[in-house]
Amino acid sequence: MESTNTLQLDTGRMFSWKHLALGVLAVVTGWTFHYLRTHPAESKGLQDWVFSKLWSHMSQVNAQRIEEFRKPMWSQVHGKVLEIGVGHGEALMLLPHAGSQSQHKVQGISSYVAVEPNAFLHPRLAQTASTAGFAVKYDPETCPDAASTSSANKDLPELTIVNGTLDQAPAHIPGFIRNHGPYDYAIVSMVLCSVDNVRANLHAIQELLAPGGKLIFIEHVRHTDSSDATVNPQYTPGSLNLQLWKTVQSVITPVWKAGTGNCHLNRDTGRLIREMGGWSKVDIQTHRGSDGIIEKLTPLVYGIAVKE
């Protein structure tokens, strides 16, 4: 009797339904990757949507992990501010405020340009910004569909959401970003891991800062060597095999970035900031944690760079 879980072909070979299903899955997967590779706009839209779903579950955990490092730096921000890759905007609550928690009022900030290239994150960003005490607006050039939802409150500083990047700088910087500079403060927070061009972003930020303006940064990076003098004193030397973890970071990055919005585990962002010219001062620290795999995979660099 012929088995009910196999398919008889004319050649006499027997194929299980499982093998057939896997074959179909392989064909569909291959076609999907080919389609996305040849249709970059649709590919970006899908990646942005996937990342927005992932980030809706991860952003709060990430914010809690790095709050102790961000809070002292964010509390000094004032004047005209530019932030790249704002995400859901949790760090806006760390800015100087007055009043009760239920009636936040931002202090000392005249304007805030919030650059976020993933439009799926904009609604929650706008909600967070409003709660933090900003009048939320959208750049009509880069967010034409959302511009009509802008809120106006003359008693509150404006936060303008811009859908764009600095990856094409200096050839192209979104008009709203350039036209509203120079800035007193620029902020990057867990975002340079995922941009297409780190150097272009850093040089554009420096150009957009006013003389004496400050770049505040906190980023996860590739592990540094054991001789790194900026590592937090709480770290016990030798508690991590640094060479092993650097190798792990590089090996899994191609897969990791595919599902995490282009996030790279192996970038030397701290070194790039420290070694680029144009700063009068760079204060930088490295947090090397050993509690759990995420801390081992994502050591942090954070600090302030002052433009000449």
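Basis of the calculations
Residues numbered from 1 in each chain as written. Predicted model: local features only at pLDDT ≥ 70, side-chain atom pairs only at ≥ 80, totals over all residues. Heavy atoms only, no water. Helix = DSSP H or I, 4+ residues; strand = E, 2+ residues; numbered from the N terminus. Buried < 20%, exposed > 50% of the residue type's maximum accessible area, 1.4 Å probe, protein only. Contact = heavy atoms within 4.5 Å. Expected span 1.5 Å × (residues − 1). Bend = angle between axes of the 7 residues up to and from the residue. Disulfide = S-S within 2.5 Å.

A. Structural context of the overall build of the protein. Helix and strand counts for the protein stand at eight helices and twelve strands. When the 308 residues of the protein are sorted by exposure, 45% land in the buried category. For the protein, the proportion of contacts with a sequence separation of at least 24, taken over those separated by at least 6, is 70%.

B. Broad picture of helix H6 (residues 242-259). Compared with the 26 Å implied by 1.5 Å per residue over 18 residues, the 25 Å span of H6 between its first and last C-alpha is a close match. Largest kink in H6: about 55 degrees, centred on threonine 253, with the proline proline 254 one to four residues after it. Against the buried residues of H6 lie helix H8 (293-297). Phi turns positive one or two residues past the end of H6, at glycine 261, with a value near 65 degrees.

C. Representation of the state of the cysteines within the structure. Counted according to the given criterion, the structure contains zero disulfides. Free of any disulfide, cysteine 193 has its nearest cysteine sulfur in cysteine 263, 3.8 Å distant. For cysteine 193, a relative accessible area of 4% translates into the label buried. Of the residues examined, cysteine 263 reaches a relative accessible area of 9% and is grouped as buried.

D. Spatial organisation of the environment of glutamine 76. Relative to the elements of secondary structure, glutamine 76 occurs in the loop between helix H2 (40-74) and strand S3 (79-84). Along the chain, glutamine 76 and leucine 94 lie 18 residues apart, while their C-alpha atoms are 9.7 Å from each other.

E. Summary view of unusual backbone geometry. Between alanine 169 and the following residue, proline 170, the backbone shows a cis peptide bond with an omega angle of 5 degrees. Residue position: proline 170 is located in the loop between strand S8 (158-162) and helix H4 (175-179). For the bond from glycine 181 to proline 182, the omega torsion is -5 degrees, close enough to zero to count as cis. Within the secondary structure layout, proline 182 lies in the loop between H4 and strand S9 (183-189). Positive phi, normally seen in glycine, also occurs at methionine 190, with a value near 55 degrees. Inspection of the secondary structure puts methionine 190 in the loop between S9 and helix H5 (198-208). A positive phi angle, near 75 degrees, is found at asparagine 262, a position not held by glycine. With respect to the secondary-structure elements, asparagine 262 resides in the loop between H6 and helix H7 (269-275). On the accessibility criterion, asparagine 262 (22% relative accessible area) is partly exposed.

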